[in-house]
Amino acid sequence: VLDPRLAAHLRFEPIRVRRGDPPPARFPGYVGYVRQYLGEHLPPGAAEHWGLSIFTTLDVVWQEQAERGLAAGLDTLEWWSGRGGQHLQGAFVALEPATGQVRAVVGGRALGAGEFNRATQAHRQTGSAIKPIVYAAALDPGRGAPHFDPGSTVSDERRTFVVGDTTWRPRNDKGEYHPTVTLAKALAKSLNVATANLVDTIGPPQVVRYAERFGLGKLKPVASIGLGSNEATLLALTDAYSVFPGRGVRHEPTPVRAVRDGAGRELLPHATPAVQVLPQPTADLMVGLLEDVVLFGVSYPLRAVHGFLRPVGGKTGTTNDYMDAWFVGFVPDLVAGVWVGYDTPQTLQRPAAD
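Read on for a plain summary of the structure. (Residues numbered from 1 in each chain as written. Predicted model: local features only at pLDDT ≥ 70, side-chain atom pairs only at ≥ 80, totals over all residues. Heavy atoms only, no water.)

1. Quick word on the pattern of salt bridges
The final tally for this structure, using the stated rule, is 16 salt bridges. Glu48 is the partner of Arg35 in a salt bridge, and the nearest nitrogen-oxygen pair spans 3.7 Å. With Arg35 in helix α2 (residues 28-41) and Glu48 in helix α3 (residues 46-49), this pair connects stretches of sequence that are 13 residues apart. As a salt-bridge pair, Arg103 and Asp59 come within 3.7 Å of each other at their nearest N and O atoms. Linking Arg103 in strand β3 (residues 102-106) with Asp59 in the loop between β1 (53-56) and α4 (60-81), this pair joins segments that are 44 residues apart in sequence. The exposure classification of Arg103 matches that of Asp59, with both residues buried. Connected through salt bridges with shared partners, the residues Asp59, Glu96 and Arg103 form a single ionic network. (Salt bridge = Lys/Arg side-chain N within 4 Å of Asp/Glu carboxyl O. Helix = DSSP H or I, 4+ residues; strand = E, 2+ residues; numbered from the N terminus. Buried < 20%, exposed > 50% of the residue type's maximum accessible area, 1.4 Å probe, protein only.)

Spelled out as structure tokens, the structure:
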């Protein structure tokens, strides 16, 4: 309570305004994605100037955990490599396969408002993280001949592919090769030569067709398509994996539930209809094969090192010279993806599975 004399004195003092610090920008990666999404679906300037009520699909708890977890993981990687201060970056996305609703987005380490969002805007080579699309195409009976099942075999012996006027000779990461190998083992162990031979058998244009249905755009139909020589965003690749736990159905990803004006009218156009990308039995089969990747294959460190014992499927990806590291995985009700690398590509010194 003010003293009466002081109150009387202050009545005649002019009001002085001091500019304070702006409120902290929470969840800049997710907010940036929402702005990007609304810019694509509403008239220019609507989100900023129309006084709209915007309802997002954000899960605040998951978002906070993702931001802390990505930063801590990058700190650990820099400590391990002895290259602190080299600005190692990363991104994270989590979404629901049943709806396409995006629940968390981290666009980079210490991302600021309005900065480049590595989860939704960075196009990077996918490495072996693209392989599940190749194997799904091969296993889909609707693709036509030749028909494959998980026990079908392909050659895993080194060979030279002739590509126009050049040649290409892929190799397996551990330098081990096999006369033949089953599709199940080739995916679990992420065998490059076997995958390249599988692509050669069904044809790169078929892989392009399936990748487009998975939401990855129009990839180049090159011999190395199955080893991830094309580029994608983390959001697009994570959404592509949602087809597997989604029983073959893909939903267009969205961070927004509804947008209403002052009169309560809904302004967003109707959602893009879901697409049946794979037959349900093929999607279910891929779930089992990708669970085997974690149980017996290259993604085994998820269990052995990190102690994740729930049923989970997923696949790592590493590009040439260890420039990019990916992991996209899923449990029945959630798909999540992470990318790690440098904005100006340089080696991470080890594969993603490590």
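Don't stop here, the text continues.
2. Side note on the packing of helix α5 (residues 131-139) against helix α7 (residues 192-202)
Direction vectors running N to C along α5 and α7 enclose 45°, while the axes themselves pass 10 Å from each other. Here α5 lies oblique to α7, going by the angle between them. In terms of crossing hand, the pair formed by α5 and α7 is left-handed. Only Asn192, Thr195, Leu198, Val199 and Ile202 of α7 make contact with α5, whose side of the interface consists of Lys131, Val134, Tyr135, Ala137 and Ala138. Within the contact of α5 with α7, the residues separate by chemical class into 7 nonpolar, 2 polar and 1 charged. (Axes fitted to C-alpha atoms, helices over the stretch in contact; angles between N-to-C directions. Parallel < 35°, antiparallel > 145°, perpendicular 65-115°, else oblique. Left-handed = near helix turned anticlockwise from the far one by under 90°. Contact = heavy atoms within 4.5 Å. Nonpolar A, V, L, I, M, F, W, Y, C, P; charged D, E, K, R; others polar.)

3. Overview of the packing of aromatic side chains
Going through the model one piece at a time under the given rule, you end up with 3 aromatic pairs. With a centroid separation of 5.7 Å and 50° between ring planes, the pair formed by Phe214 and Phe244 is classed as tilted. In this pair, Phe214 sits in the loop between α8 (204-213) and β9 (231-232) while Phe244 sits in the loop between α9 (234-241) and β10 (249-250), placing the two residues 30 residues apart along the sequence. Of the two residues examined, Phe214 and Phe244, each falls in the buried class. Members of the aromatic cluster, connected to one another through ring pairs, are Phe214, Tyr241 and Phe244. Of note, Arg159 hangs over the ring of Phe161, and the distance from its end group to the ring centre comes to 3.9 Å. (Phe/Tyr/Trp six-rings, centres within 6.5 Å; stacked < 30°, edge-to-face > 60°. Lys NZ or Arg CZ within 6 Å of the ring centre and 35° of its normal.)

4. As for the sheet that holds strand β13 (residues 313-318)
If you trace the 5 strands from one edge of the open sheet to the other, you get β3-β2-β15-β14-β13, paired in antiparallel fashion. Unpaired on one side and paired on the other, β3 and β13 mark the two borders of the sheet. On average, adjacent strands in this sheet sit at an angle of 5° to one another, irrespective of strand direction. By the bridge criterion, 7 bridges tie strand β2 (residues 89-95) to strand β15 (residues 334-341) in an arrangement that is antiparallel. Note that in β15 the partner of Gly90 across the bridge is Val340. (Pairing = 2+ DSSP bridges.)

5. Observations regarding the nonpolar core
In terms of nonpolar packing, the biggest core is built from 68 residues, with Phe214, Leu216, Phe244, Leu278 and Met286 touching the most fellow members. Among the elements that line this core, the one with the most residues is α5, at 7 residues. The contacts of Leu216, once residues within four sequence positions are left out, are Ile130, Ile133, Ala211, Ala232, Ala236, Leu237 and Ala240. Ala66, Leu88, Ala325 and Tyr342 belong to the second largest nonpolar core, which has 9 residues in total. (Core = buried A, V, L, I, M, F, W, Y, C linked by side-chain atoms within 4.5 Å.)

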